[in-house]
Amino acid sequence: YMHLLIVLVLCGLFVSKRLKDSRTGRAWIAIREDQMVAQATGINTYKFKILALLLGAAFAGLSGALFATRNQFTGPEDFTLMVSVNVLCIVIVGGMGSLPGVIVGAFVLKGLPELLRELSDYRLLAFGALLVVMMIVRPEGLWPVRRREFSLSLIHI
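Because the structure is a prediction, the values reported are computed rather than measured. (Residues numbered from 1 in each chain as written. Predicted model: local features only at pLDDT ≥ 70, side-chain atom pairs only at ≥ 80, totals over all residues. Heavy atoms only, no water.)

Quick look at the overall build of the protein chain
Turning to step 1, where the next piece is worked out: Summing up its helical and strand segments, the protein chain has seven helices and zero strands in all.
Turning to step 2, where the next piece is worked out: What you see in the protein chain, going N to C, is helices and strands ordered as α-α-α-α-α-α-α.
Turning to step 3, where the next piece is worked out: Within the protein chain, the proportion of its 157 residues that are buried is 18%.
Turning to step 4, where the next piece is worked out: Restricting to contacts in the protein chain with at least 6 residues of sequence separation, those with at least 24 account for 57%.
Turning to step 5, where the next piece is worked out: Treating the 16 positive side-chain charges of the protein chain as one cloud and the 10 negative ones as another, the clouds have centres 12 Å apart. (Helix = DSSP H or I, 4+ residues; strand = E, 2+ residues; numbered from the N terminus. Buried < 20%, exposed > 50% of the residue type's maximum accessible area, 1.4 Å probe, protein only. Contact = heavy atoms within 4.5 Å. Lys, Arg positive; Asp, Glu negative; His and termini not counted. Charge placed at Lys NZ, Arg CZ, Asp CG, Glu CD.)

A closer look at unusual backbone geometry
Turning to step 1, where the next piece is worked out: Phi is positive for Gln72, which is not a glycine, with a value near 70 degrees.
Turning to step 2, where the next piece is worked out: The exposure class assigned to Gln72 is exposed, which follows from its relative accessible area of 70%.

A few points about the packing of aromatic side chains
Turning to step 1, where the next piece is worked out: On inspection of all chains with the given rule, the structure shows one aromatic pair.
Turning to step 2, where the next piece is worked out: An angle of 55 degrees between the planes, with centres 5.8 Å apart, marks the rings of Phe67 and Phe79 as tilted. With Phe67 in helix α4 (residues 45-71) and Phe79 in the loop between α4 and α5 (81-94), this residue pair connects regions lying twelve residues apart in the sequence.
Turning to step 3, where the next piece is worked out: The exposure class assigned to Phe67 is partly exposed, which follows from its relative accessible area of 25%.
Turning to step 4, where the next piece is worked out: Taking relative accessible area as the criterion, Phe79 reaches 52% and is therefore assigned exposed.
Turning to step 5, where the next piece is worked out: Here the basic side chain of Lys47 rests over the ring of Phe48, its NZ or CZ set 4.9 Å away from the ring centre. (Phe/Tyr/Trp six-rings, centres within 6.5 Å; stacked < 30°, edge-to-face > 60°. Lys NZ or Arg CZ within 6 Å of the ring centre and 35° of its normal.)

Description of helix α7 (residues 123-137)
Turning to step 1, where the next piece is worked out: In a regular helix each residue adds 1.5 Å, so 15 residues correspond to 21 Å; α7 covers 21 Å between its end C-alpha atoms and thus fits that length.
Turning to step 2, where the next piece is worked out: Residues of α7 that are buried: Phe127, Leu131 and Met134. In a view along the axis of α7, the buried residues occupy a sector of 65 degrees, so they form one face of it. What points out from α7, more than 90 degrees from its buried face, is the exposed set Leu125, Ile136 and Val137. (Expected span 1.5 Å × (residues − 1). Arc of directions from axis to C-beta.)

Some details on the nonpolar core
Turning to step 1, where the next piece is worked out: Of all hydrophobic cores here, the largest spans nine residues; its members are Met82, Cys89, Ile90, Ile92, Val93, Leu109, Phe127, Leu131 and Met134.
Turning to step 2, where the next piece is worked out: Among the nonpolar cores identified, the runner-up in size contains five residues, and Ala27, Ile31, Ala38 and Phe48 belong to it. (Core = buried A, V, L, I, M, F, W, Y, C linked by side-chain atoms within 4.5 Å.)

In structure tokens, the structure reads:
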């Protein structure tokens, strides 16, 4: 089952990378940065927001189906506050908006609970302290997203 999961994760990363570098991804970035300016430049923000919602729901649905088939059952006890805190920590520690950063954050934060297994009562405290330290020391994450920089020398005034 692990091989199937690895192949599907790689396929998901491939699709995400291709979407990020496409016209749709650039429209999403423009909407994220400033919705009014994106709309003024001719981007149909409603359409692209609905597309982002649909693609996110499709990825979540496929992931949930894989999770349910692996566990043979899923219920409310599988989705506690700690699961949400883990996902939030993975994104913040890895780097928001960075695909490799999320992978690095997942490796770091899935290994950390194993080290803190004997201190299970203090797990939330450790995650909170890690988030505070990351926000002070490295707020962009372990692997920050690279933004394209435009040179003014290309613009002829």
